[in-house]
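Okay, here's what each chain looks like letter by letter:
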There are 2 protein chains.
Amino acid sequence: MRISIIGSGNVATHLGKAFYHSGHEIADICSPSPGHARALASLVNARALTQPSALRKDIDLCLIAVKDDVIEQLASALDFRETVVAHTAGSISMQTLSGSSPYYGVFYPFQTFSAFREPDISRVPFCLEANRQQALERLRELAESIGGKIVEVDSPGRKTLHLAAVFASNFTNHLYALAGELIREKGLPFDIMRSLILETAEKAVNADPFTAQTGPAVRNDQKVIREHLHQLEGQPALKQLYSLLSASILNSHKKPNI
Amino acid sequence: MRISIIGSGNVATHLGKAFYHSGHEIADICSPSPGHARALASLVNARALTQPSALRKDIDLCLIAVKDDVIEQLASALDFRETVVAHTAGSISMQTLSGSSPYYGVFYPFQTFSAFREPDISRVPFCLEANRQQALERLRELAESIGGKIVEVDSPGRKTLHLAAVFASNFTNHLYALAGELIREKGLPFDIMRSLILETAEKAVNADPFTAQTGPAVRNDQKVIREHLHQLEGQPALKQLYSLLSASILNSHKKPNI
């Protein structure tokens, strides 16, 4: 497949490399920052550009992998005839691309990407949606070619997935960071959390997180909860978070008729 | 080593089996529930009892692996002379055991244990503390014999670890559960979260969670945040959690002078 990518961030870079290493031809990398465009283009043997109007027209797919809030503006600058145009965003409606091409869709990788870490693409579910069957088939073929899993989801479902990802990934990661701060104040290294964090994640995905819940809140152990809140005196934001999350666990697990 | 265990829950069971399979002799399993005591005793070739007063005296270690709020009462029923008495609790002071034996300490596994899952003991850090060097050496020898990692922590440090574990394990697990509820309402299976949850945990422990933070809050993407809050209309508890966690991420990552 001949593909161009708009964007040069984490998603554009990891996907661009995966496409290239699976034998696809990367035509253009387009980014407003010439240095970033050239850096990614050199990795995937592509041409670097800064203006979407300069994109080659004879491509099979134009993938928009940029921040959510610039997709709409970018889409209005595109005018393809045969090329499938797709974005990679969780929260943006597919219809945003309706003026960019007769064939449009969404290619949303349900994963967190960072510059410092190579993702295992074969574990990534790709959430696909398209306005026409031919466009969906092209996106499906692309996801399969890089070893990804395929999930067909409409725009409302994808928005819910995006919101759920914030809870399951962004917020959990922040809780790891808060836990790390707490123990570093006592001179203990973050590394001590390693096995607890991995085991919690593995338990949740190998059973289900409701069944896997442990800790004082699910036991309604008010003595420990009071002691923890006492330890958090002087850190009102953490204390409020502790109270709210404990109440939420209690509420989820409350027994009927109690 | 000849060991008796008070308790028959997840911690008692997983540790008891690990001791037994590493060649230690398990003398007694003591639990107020005779059925539970017998079930664990049969797994580790021990005698089952319900009264602490009936525990054999000629043992090297008596391990109290029960709920935090009954340790104090149990400790007052023990009267050993040579035996090291230790509990496995994160939040209970070592001094609680000072009347149980001249040799006492803490053997706190920094891990979450569930009945349905065999833990990998070689990944578990054991937080050790004791009132005398000989007692500490015995606890250290025991942890090493089952392949655990050793961390020496005093009672205040251990209480902070316990609090941090609630954030990094109990609360993150609850966020997985909340995310699962959100997507199940759209007919999507929890399994779709699998790779995201594992990758987030692996990123955090292989880099550090502050650097690994992604999502709308760290980018201060107010448009997506507003959209998510709008999606949570009608679920006030979730909406409040979303706001508080997003504010906490923003606050942690705010740039100086902005």
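Keep in mind that this is a model prediction, so the values were computed, not measured.

Draft legend 1. Broad picture of the packing of helix α5 (residues 155-184) of chain A against helix α6 (residues 194-206) of chain B. Packing of α5(A) against α6(B) leaves a shortest axis separation of 10 Å and a crossing angle of 20°. As summarised for this structure, α5(A) and α6(B) are arranged roughly parallel, according to the angle between their axes. Taken as a pair, α5(A) and α6(B) cross one another with a handedness that is right-handed. Between α5(A), through Ala165(A), Ala168(A), Ser169(A), Thr172(A), Asn173(A) and Tyr176(A), and α6(B), the contact on the second element is made entirely by Leu196(B), Ile197(B), Thr200(B), Ala201(B) and Ala204(B).

Draft legend 2. Main features of the interface of chain A and chain B. Residue-level contacts link 85 residues of chain A with 85 residues of chain B. A combined buried area of about 8,900 Å² lies between chain A and chain B, and 67% of that area is made up of carbon and sulfur atoms. For the interface between chain A and chain B, the tally reads nine salt bridges. Lys159(A) is the salt-bridge partner of Glu227(B), the closest N and O atoms lying 3.9 Å from each other. Taken together, the elements giving at least two residues each to the side of chain A that touches chain B come down to α5, α6 (194-206), α7 (209-212), α8 (222-231) and α9 (236-253) of chain A. Tallying contributions element by element places α5(A) first for the side of chain A that touches chain B, with 26 residues.

Draft legend 3. Region of the structure containing the relation of the copies chain A and chain B. Superposition record for chain A on chain B: RMSD 0.0 Å, screw rotation 180°, translation along axis 0.0 Å. In the structure described here, the two chain copies are related by an operation that fits a two-fold rotation axis. For chain A, the residue whose C-alpha comes nearest the rotation axis is Thr172(A), separated from it by 2.5 Å. Take the interface residues of chain A: 100% of them recur as interface residues in chain B, which is what a same-surface contact looks like.

Draft legend 4. Representation of the nonpolar core in the model. Judged by nonpolar contacts, the single largest core of 118 residues is most densely connected at Phe167(A), Met193(A), Phe167(B) and Met193(B). Setting aside residues up to four positions removed in sequence, Phe167(A) forms contacts with Thr172(A), Leu175(B), Ala179(B), Leu182(B), Leu232(B), Leu238(B) and Tyr242(B).

Draft legend 5. Expanded view of helix α4 (residues 133-145) of chain A. All names here are of chain A. The terminal C-alpha atoms of α4 lie 18 Å apart, and with 13 residues this matches the ideal 18 Å at 1.5 Å per residue to within 8%. Those residues of α4 not exposed but buried are Ala-135, Leu-136, Leu-139, Leu-142 and Ala-143. When α4 is viewed along its axis, its buried side chains cluster within an angular range of 125° and face the same direction. Once α4 ends, the next one or two residues include Gly-147, with phi positive near 85°.

Cut-offs applied
Residues numbered from 1 in each chain as written. Chains lettered and ligands numbered in written order. Predicted model: local features only at pLDDT ≥ 70, side-chain atom pairs only at ≥ 80, totals over all residues. Heavy atoms only, no water. Axes fitted to C-alpha atoms, helices over the stretch in contact; angles between N-to-C directions. Helix = DSSP H or I, 4+ residues; strand = E, 2+ residues; numbered from the N terminus. Parallel < 35°, antiparallel > 145°, perpendicular 65-115°, else oblique. Left-handed = near helix turned anticlockwise from the far one by under 90°. Contact = heavy atoms within 4.5 Å. Buried area = accessible area lost by both parts, 1.4 Å probe. Salt bridge = Lys/Arg side-chain N within 4 Å of Asp/Glu carboxyl O. Least-squares fit on C-alpha atoms with pLDDT ≥ 70 in both. Core = buried A, V, L, I, M, F, W, Y, C linked by side-chain atoms within 4.5 Å. Buried < 20%, exposed > 50% of the residue type's maximum accessible area, 1.4 Å probe, protein only. Expected span 1.5 Å × (residues − 1). Arc of directions from axis to C-beta.

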